[in-house]
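An overview of the molecular structure
Now for the letters of each chain:
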Amino acid sequence: MKTWTKTAAVVGLALGLALTPCISIAGDDHLEEAIEDTNDALNLGRQGEAEKFIEHAQEALEHAEALLKEKDNMLTKAAIRDLKTAIEQAKAGKVSEAVEAAQLALGHLKHAK
């Protein structure tokens, strides 16, 4: 019976260690996607494409929120706040203000690396 318990413990530990890098990699993916989508939104916003700006900013927001669920980080929280502001501004037709808010979000995301 003791051998079975030891074997189960070793297998459980091995599985836990094997899956740990996957969580970190997923977080990195969300961060990279959030940065990429924010950059895309910025480029579209600078061209006056409000609807496409909103789409990409929303995608960036979703990735930032997923990242925050995996790892609590003040920079990610600030980026989420700024992305929400950017989306609200763009919906109100204030694209230049939306671009400014998205630029702040991008800075927070880049520093979260």
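None of the values given here were measured: they were computed from a predicted structure.

A closer look at the packing of helix α3 (residues 74-91) against helix α4 (residues 95-111)
- Look at α3 against α4: their axes get within 8 Å of each other, and the N-to-C directions meet at 165°. The orientation of α3 with respect to α4, classified from their angle, is roughly antiparallel. Like other packed secondary-structure pairs, α3 and α4 cross with a definite hand, here left-handed. Along its contact with α3, which presents L75, A78, A79, R81, D82, L83, T85, A86, Q89 and A90, the element α4 presents E97, A98, A101, A102, L104, A105, H108, L109 and H111.
- Looking at the contact of α3 with α4 residue by residue, the class counts come to twelve nonpolar, four polar and three charged.

Remarks on the environment of G107
- Topologically, G107 is positioned in helix α4.
- On a C-alpha basis, the gap between G107 and I35 in space is 9.1 Å, while along the polypeptide they are 72 residues apart.

Description of the side chain of D37
- Position of D37 relative to the elements: it lies in helix α1 (residues 2-46).
- Notably, D37 is buried but unbridged: the nearest opposite-charge side chain belongs to K52, and the N-O separation is 14 Å.
- Other than its neighbours up to four places away in sequence, D37 contacts H56, E59, A60 and H63.

What counts and how
- Residue numbers here run from 1 along each chain, matching the order of that chain's written sequence.
- Since the coordinates come from a predicted model, pLDDT governs what is reported: local features require at least 70, and pairs of side-chain atoms require 80 or more to be given and counted, while whole-chain, interface and lining totals use all residues.
- Hydrogens and waters are ignored; side-chain quantities use all the structure's heavy atoms.
- For helices, the fitted axis covers only the stretch in contact; all axes are lines through C-alpha atoms, and the angles between them, taken along N-to-C directions, range from 0 to 180 degrees.
- Strands are runs of DSSP state E lasting at least two residues, helices are runs of H or I lasting at least four, and both sets are numbered from the N terminus onward.
- Every angle not falling under 35 degrees, over 145, or within 65 to 115 is termed oblique; those three ranges are roughly parallel, roughly antiparallel and roughly perpendicular.
- Working rule for handedness: look at the near helix, and if it is turned counterclockwise from the far one by less than a right angle, call the crossing left-handed; if clockwise, right-handed.
- Note on contacts: a residue pair is in contact if any heavy atoms of the two residues lie within 4.5 Å.
- For this classification, the nonpolar set comprises Ala, Val, Leu, Ile, Met, Phe, Trp, Tyr, Cys and Pro, the charged set comprises Asp, Glu, Lys and Arg, and every other residue, Gly included, is treated as polar.
- Type-normalised accessible area, obtained with a 1.4 Å probe on protein chains alone, sets the label of each residue: buried when under 20%, exposed when over 50%, and partly exposed for intermediate values.
- Positive charges are assigned to Lys and Arg, negative charges to Asp and Glu, while His and the chain termini are left out of the count.
- For salt bridges, the criterion is a side-chain nitrogen of Lys or Arg within 4 Å of an Asp or Glu carboxyl oxygen.

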